[in-house]
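Observations on chain architecture
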Amino acid sequence: MLPYVYGLAGQITGYSLCAGRALTALLALASAFMAGAVARRRGGPIAEVVALALIAGSLFTATAYTYTATYALTAFFLVLAIFVATSRLTKDWRAVIAGLALAAAAGTRLSVVAALPFMVLAVALCAKRRWRSLLIAGAATIAGLALIFSPFLLFTRENMLYDVFGFHTDRTTLIWQAAAVQNTARETVTDFAVLLGVTLTGAAAQFVRLRRPGQRTGYAFEVAGHPPQLAGGRAATQPGGNGACGGRVPAREHPGRRPTGQLQHPPGPEGRPARAPRVGDVHLLLSAHLER
């Protein structure tokens, strides 16, 4: 992808070292903007400030985003995938565009192929219908990879396979190759220790949060022992809601606004008893029973 992107830009600006680095700087700024937007969507203004501060103070950003190479363009496509996955586009289009962006990242730097399954999974986790999003994003990624690499495989297969595999293996012995893999793994863990620690800590915290009752929507969808499916019913058929199944079950109480169809709170951390069901709760349950 790099020759096409930089080549197209060169047709407009002319081919020079300055033009190439200017395009790299634009890709870096666009990636930083999208990363900040994603952080703001998921964690608010403070998360955005922290994300931009980490990007601005990163040694990898200072080196990879300053000269013409595959790094800035690869990062741009990877961040674009998450940016689109968390946007307000139509659900299926989010998965399609994100999958194509991941394929473009792998087409820019082939080592990204190792991260594609995890990136596709991350895109799917940003959607409500995760299995559907996973299938669509995976299919779009495979289609994009086929579109990018099939011309090379059809017309210059031997050259491509040698450039990908042979160039890195026919100059050293198997023992040296194994030692290189071991050294690379050790250096990767050392260089990215902080990033790996933050990622694993965040994943563990998210797992614990989702395991707690009522954390998915802000309420435990149980009143007098009834199962969560009863949170649907008439509320699930009303448009414009933000609760489970699209119903009008608010995720949080708004000051000055009386909740409608609100269900029972989960017990607090100190073991406080949940509030008693209201008339609206009973009406919602009766409606759900009648419509089933």
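Given the structure is predicted, the values throughout are model-derived calculations rather than measurements. (Residues numbered from 1 in each chain as written. Predicted model: local features only at pLDDT ≥ 70, side-chain atom pairs only at ≥ 80, totals over all residues. Heavy atoms only, no water.)

1. Digging into the overall build of the chain
When helices and strands are tallied, the chain shows 13 helices and zero strands. Secondary structure elements in the chain, listed N-terminal to C-terminal, are α-α-α-α-α-α-α-α-α-α-α-α-α. For the chain, buried positions account for 29% of its 292 residues. Contacts in the chain between residues at least 24 apart in sequence constitute 58% of all its contacts with a sequence separation of at least 6. With the model as given, the accessible surface of the chain reaches about 19,400 Å², and the carbon-plus-sulfur share is 67%. (Helix = DSSP H or I, 4+ residues; strand = E, 2+ residues; numbered from the N terminus. Buried < 20%, exposed > 50% of the residue type's maximum accessible area, 1.4 Å probe, protein only. Contact = heavy atoms within 4.5 Å. Areas by Shrake-Rupley, 256 points an atom, 1.4 Å probe, with all protein chains shown as cover.)

2. Some remarks on the packing of aromatic side chains
Pairs of aromatic rings are described using the distance from one ring centre to the other and the angle between the two planes. According to the stated counting rule, one finds three aromatic pairs in the structure shown. With 5.0 Å between their ring centres and 15° between their planes, F60 and F192 make a pair best called stacked. Of this pair, F60 sits in helix α4 (residues 59-64) while F192 sits in the loop between α10 (174-191) and α11 (193-211), and the two are 132 residues apart along the sequence. Accessibility expressed as a relative area gives 43% for F60, which makes it partly exposed. Judged by its relative accessible area of 31%, F192 is partly exposed. Arranged with centres 6.3 Å apart and planes meeting at 70°, the rings of Y67 and Y71 form a pair that is edge-to-face. By relative accessible area, which is 34% here, Y67 ends up partly exposed. (Phe/Tyr/Trp six-rings, centres within 6.5 Å; stacked < 30°, edge-to-face > 60°.)

3. Points about the packing of helix α2 (residues 17-43) against helix α5 (residues 70-85)
Here α2 crosses α5 at 25°, and the two axes come no closer than 9 Å. When the interaxial angle is binned, α2 and α5 end up roughly parallel. Where α2 crosses over α5, the handedness of that crossing is left-handed. For the pair formed by α2 and α5, the contact residues are T24, L27, A30, S31, M34, A35, A37, V38 and R41 on the first element and A72, L73, A75, F76, V79, L80, I82 and F83 on the second. Classifying every residue of the contact of α2 with α5 by side-chain character gives 14 nonpolar, two polar and one charged. (Axes fitted to C-alpha atoms, helices over the stretch in contact; angles between N-to-C directions. Parallel < 35°, antiparallel > 145°, perpendicular 65-115°, else oblique. Left-handed = near helix turned anticlockwise from the far one by under 90°. Nonpolar A, V, L, I, M, F, W, Y, C, P; charged D, E, K, R; others polar.)

4. A short note on the packing of α2 against helix α3 (residues 45-56)
Taken N-terminus to C-terminus, the directions of α2 and α3 make an angle of 150°; their axes are 7 Å apart at the nearest point. Comparing the axis directions of α2 and α3 gives the class roughly antiparallel. Relative to α3, the crossing made by α2 is right-handed. In contact with A32, A35, G36, A39, R40 and G43 of α2, α3 contributes P45, A47, E48, A51, L52 and I55.

5. Section: the pattern of salt bridges
As a working rule, side chains carrying opposite charge can pair if their charged atoms are close by. The final tally for this structure, using the stated rule, is two salt bridges. When the shortest N-O distance is used, the salt bridge between E48 and R40 registers 2.9 Å. For R40, a relative accessible area of 44% gives the class partly exposed. Measuring nitrogen to oxygen at the nearest pair gives 2.8 Å for the salt bridge that ties R132 to D92. A residue pair is termed long-range when its members are at least 10 positions apart, and R132 in helix α8 (residues 130-155) and D92 in helix α6 (residues 91-108) qualify at 40 residues. (Salt bridge = Lys/Arg side-chain N within 4 Å of Asp/Glu carboxyl O.)

6. Describing the side chain of S31
Its place among the elements puts S31 in helix α2. Judged by its relative accessible area of 3%, S31 falls in the buried class. There is a polar contact of 2.8 Å between the side chain of S31 and the backbone oxygen of L27. Sequence-distant contacts of S31, that is, excluding residues within four places in its chain, are made with Y65, A72, A75, F76 and V79. (Polar contact = N/O pair within 3.5 Å; in protein donor to acceptor, adjacent residues only side chain to side chain.)

7. Focus: helix α9 (residues 157-169)
An ideal rise of 1.5 Å per residue puts 18 Å on 13 residues; α9 measures up with 17 Å between its terminal C-alpha atoms. D163 marks the point of greatest bend in α9, at about 50°. (Expected span 1.5 Å × (residues − 1). Bend = angle between axes of the 7 residues up to and from the residue.)

8. Considering α2
In a regular helix each residue adds 1.5 Å, so 27 residues correspond to 39 Å; α2 covers 39 Å between its end C-alpha atoms and thus fits that length. One or two steps after α2, the chain reaches G44, where phi turns positive at roughly 90°.

9. Observations concerning the confidence of the model for the chain
Of the residues in the chain, 73% reach a pLDDT of 70 or more, and the chain-wide mean stands at 75. Across residues 216-265, where pLDDT falls below 50, the model places 83 contacts with residues more than four positions away in sequence or in other chains. pLDDT under 50 marks residues 276-292. Its contacts with residues more than four places away, or in other chains, come to 23 contacts. (pLDDT = per-residue confidence, 0-100.)

10. Observations concerning the side chain of T86
When you line up the elements, T86 lands in the loop between α5 and α6. A polar atom in the side chain of T86 sits 3.0 Å from the backbone oxygen of I82.

11. Observations concerning the nonpolar core
Counting residues in hydrophobic clusters, the biggest one holds 32 residues, and the most contacted among them are L27, Y65, F77, F83, L102 and V123. For this core, the secondary-structure elements that each account for two or more residues are α2, α5, α6, α7 (116-125) and α8. Of all the elements, α5 adds the most residues to this core, at nine residues. (Core = buried A, V, L, I, M, F, W, Y, C linked by side-chain atoms within 4.5 Å.)

12. Here we look at a nonpolar patch on the surface
Together, F60, V189, F192, L195 and L196 line one region of the surface with nonpolar side chains, adding up to about 450 Å² of accessible area. One can find L195 in helix α11. (Patch = residues over 30% accessible without salt bridge, like charges linked within 9 Å, V, L, I, M, F, W, Y side chains within 5 Å.)

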